[in-house]
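# Results of the structural survey
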Amino acid sequence: MARIVVVTSGKGGVGKTTTSAAFGAGLALKGYRTVVVDFDIGLRNLDLIMGCERRVVYDFINVIHGEAKLNQALIKTKQLDNLYILPASQTRDKDSLTEEGVMLVLEELKKSFDYIICDSPAGIERGAHFAMYFADEAIIVTNPEVSSVRDSDRILGILASKSMRAERNMDPVQEHLLIARYSPKRVIDGDMLKFDDVQELLDVPFLGAIPESDSVLLASNRGVPVILDNKTDAAEAYMDAVSRFLGEEVPHRFLQHHRKGFFGRLFGS
């Protein structure tokens, strides 16, 4: 049965779209037929990160308004045959989303996909509400700093009270915590919260921490989900997180700062 997974956070710029693309690609690598849906109406970026920007003809809003069929708007990624994107509109506003329209599109996607990843915009307005409302599971993306954690806590409250599952007294949305842009050295220096402090504050099962890395920006600029750049720590961390999301037992990595020895400092290795 298809699962709807929202990637969300109260704060902008924490890494939601990067995570949506990475998780979509990771699930596809695991053999699951996956689609990533961009809910950021008017400010789409998912198509850029997934390298599909020049292939967008129809979008999510066109489908909702009956201006195009779903299979006309879906774009298969070039990297993986079982990974698709449903782009957002760049010219409409968020009022173009309707509950009935979103529900019908998601129900149609369920017929063809194992996982539907909903890339939520920042904040708690209309686009974010619909991205969260129909979710079976939620990946809460936060950065290890106080304002980001506080905003994530607000999102957890919304998932617990205003999702469809909450309103219909169904099993609650399954929540998962992912910490992005984590630097163990900056934690030691007192510039970041420690991962277990973030987990304790939010009280959500921990998927893992994605290390702060230039590779994330480089992958985004190339239009490739960072998880496919498998020579980097960020790619490995995302793949670990996807495996944990699927219930696999994977040791946590990238949480401790390893000081270089004398020869490492001397030779830069």
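Above this text sits the structure in question.
Here's a quick rundown of the structure.

### Brief notes about the overall build of the protein chain
In terms of regular secondary structure, the protein chain is built from 13 helices and 8 strands. Taken over the C-alpha trace, the protein chain has a radius of gyration of 18 Å; the compact-globule value for 269 residues is 18 Å, and the two agree within 12%. Each of the three principal axes of the protein chain carries a C-alpha extent, and together these read 65 × 40 × 35 Å. By sequence separation, contacts in the protein chain at least 24 residues apart represent 74% of the contacts at least 6 residues apart. Summed over its atoms, the accessible surface of the protein chain is roughly 12,900 Å², and 48% of this surface lies on carbon and sulfur atoms. Taking the average place of the 32 positive charges on the side chains of the protein chain and the average place of its 38 negative ones, the gap between the two points comes to 5 Å.

### Some thoughts on the pairing of strand 8 (residues 206–211)
Of all 6 residues making up strand 8, 6 are buried, and the element is well covered by its neighbours. Two strands pair when backbone bridges link them, and strand 7 (residues 174–182) and strand 8 are joined in this way by 4 bridges, in the parallel orientation. Note on strand 8: the bridge partner recorded for L177 is F206.

### Observations regarding the nonpolar core
One finds F39, F60, L86, L97, V102, L109 and I116 to be the most contacted residues of the largest nonpolar core, which totals 52 residues. For L86, the residues in contact, after removing those within four places along its chain, are V35, V36, V37, D38, D59, F60, L70, A73, L74, V105 and L109. Grouped together as the second largest cluster of nonpolar side chains are 37 residues, I75, A180, A219 and A237 included.

### Observations regarding unusual backbone geometry
The phi dihedral of N169 falls on the positive side, at around 55°, and the residue is not glycine. Mapped onto the elements, N169 comes out in the loop between helix 8 (164–167) and strand 7. In this model, D203 sits at a positive phi of 55°, which is unusual for a non-glycine residue. Looking at where D203 falls in the secondary structure, it is placed in the loop between helix 10 (195–202) and strand 8.

### Brief notes about the state of the cysteines
Per the counting criterion, the structure on display carries 0 disulfides. C52 takes part in no disulfide bond, and the closest cysteine sulfur to it belongs to C118, at a distance of 17 Å. A relative accessible area of 1% means that C52 is categorised as buried.

### Focus: the packing of helix 6 (residues 126–133) against helix 7 (residues 146–162)
Contact pair helix 6 / helix 7: the axes reach a minimum separation of 10 Å and the direction vectors enclose 60°. The angle between helix 6 and helix 7 places the two elements in the oblique class. Read as a crossing pair, helix 6 and helix 7 show a hand that is right-handed. Of the residues in helix 7, those in contact with H129, M132 and Y133 of helix 6 are I155, I158, L159 and K162.

The rules behind these values
Residues numbered from 1 in each chain as written. Predicted model: local features only at pLDDT ≥ 70, side-chain atom pairs only at ≥ 80, totals over all residues. Heavy atoms only, no water. Helix = DSSP H or I, 4+ residues; strand = E, 2+ residues; numbered from the N terminus. Rg over C-alpha atoms; globule rule 2.2 N^0.38 Å. Contact = heavy atoms within 4.5 Å. Areas by Shrake-Rupley, 256 points an atom, 1.4 Å probe, with all protein chains shown as cover. Lys, Arg positive; Asp, Glu negative; His and termini not counted. Charge placed at Lys NZ, Arg CZ, Asp CG, Glu CD. Buried < 20%, exposed > 50% of the residue type's maximum accessible area, 1.4 Å probe, protein only. Pairing = 2+ DSSP bridges. Core = buried A, V, L, I, M, F, W, Y, C linked by side-chain atoms within 4.5 Å. Disulfide = S-S within 2.5 Å. Axes fitted to C-alpha atoms, helices over the stretch in contact; angles between N-to-C directions. Parallel < 35°, antiparallel > 145°, perpendicular 65-115°, else oblique. Left-handed = near helix turned anticlockwise from the far one by under 90°.

Any functional reading would require information that these geometric values do not contain.
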